[in-house]
Amino acid sequence: MPDSPILLVETDQPAGDVITGVLAQVGYRLTTVTDAGEAFRQAAEHQLVIIDVLGADADAQQLCREIRATPALAPIPVMCISRTNDVEERIRFLEAGADDVIARPFDARELEARVEALLLRFKRTRDRAPVTTLDLGDPGRNRIVACFSPKGGAGTTTIAVNVATAVALRAPDRTLLVDLDLQWGQVATHLNLKARHTIADLAQDSQAQHEPELLRSYAMRHESGLWVLAAPPSPELSETVHAAAIELILGTALEAFDTVIVDAGSVLDERSLTTLERADNIALAVYPEIAALRAVASLLDYLNRTGAVTTRTTFVLNQLFARQLVRLGQVESSLGVKVAAELPYDPFLYLKAVNEGVPLVLGAPRTPPAERLGELATKLFGAAASTPVEHHEGRRGLLGGLLKRT
Ligand SMILES: Nc1ncnc2c1ncn2[C@@H]1O[C@H](COP(=O)(O)OP(=O)(O)OP(=O)(O)O)[C@@H](O)[C@H]1O
Ligand SMILES: [Mg+2]
């Protein structure tokens, strides 16, 4: 595929001239950079990165590893040119994530053929649309949004409950929140609702899985106008909810409601994969801690590699900690994605909202966390969910009395 832009990482000009000469002759456009940082910054604008290993092995391997660890660069192949035909050397580059290694001395035709093969192979992968699409799409067209995080405690339920409540406040009785954190789901607690029926009951009623009005009878109405389908009351019941039922329930829910928001929890299994596949957009909760970021990177890598889910993803950075050791820019560059919304840290408001069972957009609408959650709802569903309304009601929730006394 001549004309494809190629990035050449090269510290030796004569060697670079040879490679550029060979590839330019068949029509490729090459940009040469001499250092790893510059290569990393420019990689996304190219269709292939060639690393010529003339300096230290370790630097070339490190660059290769960093590119491969960045989900946004997943569609870009990396080729290394090793100094010799030594098997150990070539294996080290393959282990660092190189997609191909060509040994010196090489024939011009071999270089040309390998470049072409790599570009073709990756073009096929790119055509399958990777999951890290950065735009949010048309908010008006998002009908199912799934909130997910590969790590627990990331704020997934807080996001799901508040976004759903913000949407429902603008358009009552047209939004359903489904708790698919099947083992330990706490959506009902966040809303101070007591479930008579749960998704475990609905999963046993095949007729209701097909009929919108029957399905609605398994949900509860919250005072905001939000309808809620609660998680099973005990972890063993979660096993009775199968992926096929979830597929049906989400389909029928769209006939009964305009929008469906799912708390998909933090476990990746057939059931959550069904939900993520069915969703128009995934709101992915991320928090600034290295282990959590690694988990998100490996989730994205898994989804891209398997091609299992090709849904748009909205990254929500939740500042869970009082001290900001990892900043938004670092999160974005380490994951290679753009963060669409950032939730500020607060030592009190989020906790109070859960303990009282009153979502922030309802109980504390003029606070920065509620405003950010309202804005996120707008980004996901359009202006209909823009401003959380003031709401003064003396509801206290599950631990309300207890908190008041202390
Ligand atoms: N930005 C924040 N600042 C301070 N506390 C927060 C913030 N976001 C969430 N919390 C608190 O962190 C806790 C976990 O939040 P939440 O239950 O929404 O996360 P989760 O990902 O659904 O967790 P789980 O894995 O248990 O389902 C809650 O007590 C919540 O109030
Ligand atoms: Mg949760």
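Up top is the structure these notes are about.
Description of the structure in this document.

Rules behind the numbers
Counting of residues starts from 1 at the beginning of each chain's written sequence and follows it residue by residue. Lettering of chains starts at A and numbering of ligands starts at 1, both following the order in which they are written. Selection of residues for local features in this predicted model requires a pLDDT of at least 70, selection of side-chain atom pairs for listing and counting requires 80 or more, and totals for whole chains, interfaces and linings are taken over all residues. Numbering of helices and strands runs from the N terminus; a helix is a DSSP stretch of H or I covering at least four residues, while a strand is a stretch of E covering at least two. Burial is judged by counting other C-beta atoms within 10 Å of a residue's own C-beta: 20 or more means buried, 12 or fewer means exposed, and anything between counts as partly exposed, with every C-beta placed from the backbone. Note on contacts: residues are paired as contacts if their backbone-placed C-beta atoms lie within 7 Å. Only strands that DSSP links by at least two bridges are regarded as paired with each other. A fitted line through C-alpha atoms represents every axis, and for helices the fit uses only the stretch in contact; the resulting angles, taken between N-to-C directions, go from 0 to 180 degrees. Whether a crossover is right-handed comes down to one check: with the strands pointing away from the viewer, does the path from the first strand over the helix to the second run clockwise; if it does, it is right-handed. Residues are counted as near a molecule or strand when the C-beta atom, derived from backbone positions, lies within 6 Å of that molecule or strand. Amino acids outside the nonpolar list (Ala, Val, Leu, Ile, Met, Phe, Trp, Tyr, Cys, Pro) and the charged list (Asp, Glu, Lys, Arg) are all regarded as polar, and Gly is one of them. Expected span of a helix: the number of residues minus one, times 1.5 Å. Note on terminology: a nonpolar core is any set of buried Ala, Val, Leu, Ile, Met, Phe, Trp, Tyr and Cys residues joined through C-beta atoms within 7 Å.

1. Quick notes on the overall build of the protein chain
Part 1 of the argument: The helix and strand inventory of the protein chain stands at 18 helices and 13 strands.
Part 2 of the argument: Here the protein chain holds 406 residues, and the buried ones make up 44% of them.
Part 3 of the argument: Long-range pairs, those at least 24 residues apart, make up 75% of the contacts in the protein chain with a sequence separation of at least 6.

2. Comments concerning the sheet that holds strand S3 (residues 48-52)
Part 1 of the argument: Pairing is parallel in the open sheet, where five strands are placed in the order S2-S1-S3-S4-S5. Here the strands that pair on one side only, and so sit at the sheet edges, are strand S2 (29-33) and strand S5 (100-103). Within the sheet, the average angular offset between the axes of one strand and its neighbour, ignoring direction, is 20 degrees.
Part 2 of the argument: Sheet analysis places strand S1 (residues 5-9) next to S3, joined by four bridges and oriented parallel. Looking at the pairing, leucine 7 lines up with valine 49 of S3.
Part 3 of the argument: Packing of helix H1 (residues 13-25) onto the sheet brings it into contact with S1, S2 and S3, and relative to S2 it is tilted by some 165 degrees.

3. Quick word on the pairing of S5
Part 1 of the argument: Across four bridges, strand S4 (residues 78-82) lies against S5 in parallel orientation. From the neighbouring strand, serine 82 faces S5, where its bridge partner is alanine 103.
Part 2 of the argument: Handedness of the crossover joining S4 and S5 through helix H4 (residues 87-95): right-handed.

4. Some points on the site of ligand 1
Part 1 of the argument: Taken together, 19 residues form the shell around ligand 1, and within it Gly152, Thr156, Thr157, Thr158 and Tyr350 come nearest.
Part 2 of the argument: For the shell around ligand 1, the secondary structure elements donating two or more residues are helix H6 (156-170) and helix H15 (349-356).
Part 3 of the argument: Here the residues of the shell around ligand 1 are counted per class, giving seven nonpolar, 10 polar and two charged.

5. Quick notes on the pairing of strand S9 (residues 226-229)
Part 1 of the argument: The alternating pattern of S9 places Leu226 and Val228 and Trp227 and Leu229 on opposite faces, both of which are buried.
Part 2 of the argument: With two bridges joining them, strand S8 (residues 220-221) and S9 adopt antiparallel strand pairing. Its bridge partner lying in S9, methionine 220 is registered against valine 228.
Part 3 of the argument: Hairpin connection between S8 and S9: a loop of four residues separates the two successive antiparallel strands, and glycine 225 in this loop has a positive phi of roughly 100 degrees.

6. With respect to H1
Part 1 of the argument: Over its 13 residues, H1 extends 18 Å from the first C-alpha to the last, a length consistent with the 18 Å expected when each residue adds 1.5 Å.
Part 2 of the argument: Just downstream of H1, glycine 27 is the residue with a positive phi angle, here 105 degrees.

7. Describing the sheet that holds S9
Part 1 of the argument: Reading across the sheet, the eight strands line up as S8-S9-S7-S10-S6-S11-S12-S13 and stay open at both edges, with mixed pairing between neighbours. In the strand order of this sheet, the two ends are held by S8 and strand S13 (339-343), each with one partner.
Part 2 of the argument: Here five bridges tie strand S7 (residues 175-179) to strand S10 (residues 259-263), and the two strands are oriented parallel to one another. Considered in S10, the bridge of leucine 176 is made with valine 260.

8. Focus: the nonpolar core
Part 1 of the argument: Membership of the largest hydrophobic core comes to 85 residues, with the highest contact counts inside it found for Cys147, Val163, Val286 and Val316.
Part 2 of the argument: Residue contributions to this core peak at nine residues, all from H6.
Part 3 of the argument: Setting aside its immediate chain neighbours within four residues, valine 286 contacts Ala154, Ala292, Leu293, Val296, Phe315, Val316, Leu317, Asn318 and Val331.
Part 4 of the argument: Val9, Tyr28, Ile67 and Ile81 belong to the second-largest nonpolar core, a separate cluster that totals 31 residues.

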